[in-house]
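# Structural characterization, general
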Amino acid sequence: MRKIIITCLMVTMMFVNSVYAADTPLIERVDTAVNNYDEYIDISDNQLNDDEVVAVMTEYFAKYSSAGLISCTLQAYDEDENGLYDVIKPDYRYSEKMNGIINRQIDRAEDKIIAHTNGLTAEEKVQFVYSYFCKNFSYDSELNYDLKHLYDENNGTCAAFAIAYKRIMDKMDIPCKIALSADLTHEWNKVFLNNEWLNLDIVEGIRLYETGAPNAHLRVYLLPDSVYAARGYNEKN
């Protein structure tokens with residue numbers, strides 16, 4: 001039986017040469033299954049080869065908070081050895097009971113940030129949360145991926161910040177999505193304001209804020225795709 005093991009830290013290296021466009025409904029099914037603590041996720045109907053199953057898992061680890069909260073690895077099995085994968089088996093980091101506790105802790109941390117935005121306009125809320133992360137958190141060079149670590153230690157990776165920011169925007173009903181670089185080495189956010197999607201990069205904002213220059217973190221805040229592309233951001237389609 002063939003097996004492939006995918007983790008949130010190694011997945012980008014495995015996927016660099018793949019051109020497969022990940023199946024969003026399947027990724028959402030994986031997310032639901034992981035949140036339900038399912039032992040097996042049947043993917044036999046999807047007929048995925050090595051590159052394709054890695055593409056699905058790359059998108060999952062990049063954009064879904066459950067990957068960092070409760071699952072450190074996902075193992076895909078080709079049980080009949082026909083070159084196509086049949087089953088994904090999550091390797092859970094925490095017990096189901098502990099995960100419930102962690103989720104409530106994360107919710108409280110998010111709600112504490114949101115409480116500061118009462119009475120603000122949507123654009124003011126977007127800026128407040130962005131600035132809050134830039135001013136109060138640091139980049140985690142140890143590559144701790146999950147949101148528990150982000151709020152416990154006030155530092156995180158680009159993926160952790162991108163997921164955390166989107167979760168807060170979702171709670172405030174502000175359209176937000178996660179952008180992933182074409183080489184799969186960086187993530188940032190996009191918010192929909194004034195009838196267009198605009199980019200913001202918390203990790204770069206943190207770096208700029210730490211220079212001490214006034215409002216330096218706003219140099220990469222709410223910029224259109226054309227400006228981000230000129231700055232070297234090459235977004236994966």
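The structure we're discussing is the one just above.
Our subject in this report is the structure included herewith. (Residues numbered from 1 in each chain as written. Predicted model: local features only at pLDDT ≥ 70, side-chain atom pairs only at ≥ 80, totals over all residues. Heavy atoms only, no water.)

## Digging into the overall build of the protein
From N to C terminus, the protein includes ten helices and ten strands. A buried classification covers 51% of the 237 residues belonging to the protein. The contacts of the protein with a sequence gap of at least 6 include a subset with a gap of at least 24, amounting to 61%. Summed over its atoms, the accessible surface of the protein is roughly 11,400 Å², and 46% of this surface lies on carbon and sulfur atoms. (Helix = DSSP H or I, 4+ residues; strand = E, 2+ residues; numbered from the N terminus. Buried < 20%, exposed > 50% of the residue type's maximum accessible area, 1.4 Å probe, protein only. Contact = heavy atoms within 4.5 Å. Areas by Shrake-Rupley, 256 points an atom, 1.4 Å probe, with all protein chains shown as cover.)

## What to know about the sheet that holds strand 9 (residues 196-200)
If you trace the four strands from one edge of the open sheet to the other, you get 7-8-9-10, paired in antiparallel fashion. Both edges of this open sheet fall to strand 7 (176-180) and strand 10 (221-223), since each of them pairs with a single strand only. This sheet shows a mean twist of 40° between the axes of neighbouring strands, independent of strand direction. Pairing geometry for strand 9 and strand 10, over two bridges, is antiparallel. Looking across to strand 10, one finds that Asn199 is bridged to Leu223. Running over the sheet, helix 6 (residues 122-136) touches strand 8 (187-193), strand 9 and strand 10 and is turned about 125° from strand 10. (Pairing = 2+ DSSP bridges. Axes fitted to C-alpha atoms, helices over the stretch in contact; angles between N-to-C directions.)

## Regarding the nonpolar core
In this structure, Val126, Phe133, Tyr151, Tyr165 and Met169 are the most contacted members of the largest nonpolar core, which totals 46 residues. If you tally residues by element for this core, the top one is helix 8 (residues 158-171), at nine residues. Those residues in contact with Tyr165, other than ones at most four positions away along the chain, are Val126, Val129, Tyr130, Phe133, Cys176, Asn189, Val191, Leu200 and Ile202. Among the nonpolar cores identified, the runner-up in size contains 20 residues, and Val54, Val56, Met57 and Tyr64 belong to it. (Core = buried A, V, L, I, M, F, W, Y, C linked by side-chain atoms within 4.5 Å.)

## Quick word on the environment of Asp146
With respect to the helices and strands, the residue Asp146 is situated in the loop between strand 5 (138-139) and helix 7 (147-153). Residues Asp146 and Gly156 lie ten residues apart in sequence; the distance between their C-alpha atoms is 7.9 Å. Only 3.2 Å separates the side chain of Asp146 from the backbone nitrogen of His149, close enough to count as a polar contact. (Polar contact = N/O pair within 3.5 Å; in protein donor to acceptor, adjacent residues only side chain to side chain.)

## Examining the packing of aromatic side chains
Applying the stated criterion across every chain, the model contains 13 aromatic pairs. By way of ring pairs, the aromatic residues Phe128, Tyr132, Phe133, Phe137, Tyr151 and Phe161 are connected into one cluster. The ring of Tyr77 is capped by Lys89, whose NZ or CZ atom sits 4.4 Å from the centre of that ring. In this structure, Lys177 packs its charged tip against the face of Trp197, placed 4.3 Å from the ring centre. (Phe/Tyr/Trp six-rings, centres within 6.5 Å; stacked < 30°, edge-to-face > 60°. Lys NZ or Arg CZ within 6 Å of the ring centre and 35° of its normal.)

## A short note on the pairing of strand 9
Where strand 8 meets strand 9, five bridges bridge the pair, whose relative direction is antiparallel. When the sheet's bridge partners are listed, Phe192 is paired in strand 9 with Trp197.

## Here we look at the pattern of salt bridges
Going through the model one piece at a time under the given rule, you end up with ten salt bridges. Note that Lys171 is salt-bridged to Glu110, the shortest N-O span being 2.8 Å. You can see Lys171 sitting in helix 8 and its partner Glu110 sitting in helix 5 (residues 96-115), a full 61 residues away along the chain. Overall, Lys171 belongs to the partly exposed group, its relative accessible area being 35%. With its nearest N and O atoms 2.8 Å apart, the salt bridge here joins Asp152 to Lys148. Note that Asp152 and Lys148 are positioned in helix 7 at a spacing of four residues, about one turn of the helix. Judged by relative accessible area, which is 26%, Lys148 ranks as partly exposed. (Salt bridge = Lys/Arg side-chain N within 4 Å of Asp/Glu carboxyl O.)

## Details of unusual backbone geometry
If you check the backbone angles, Gln47 has positive phi at about 55° while not being a glycine. Residue Gln47 is classed as partly exposed on the basis of its relative accessible area of 44%. One non-glycine residue, Asn215, adopts positive backbone phi at about 55°. Position of Asn215 relative to the elements: it lies in the loop between helix 9 (202-209) and strand 10.

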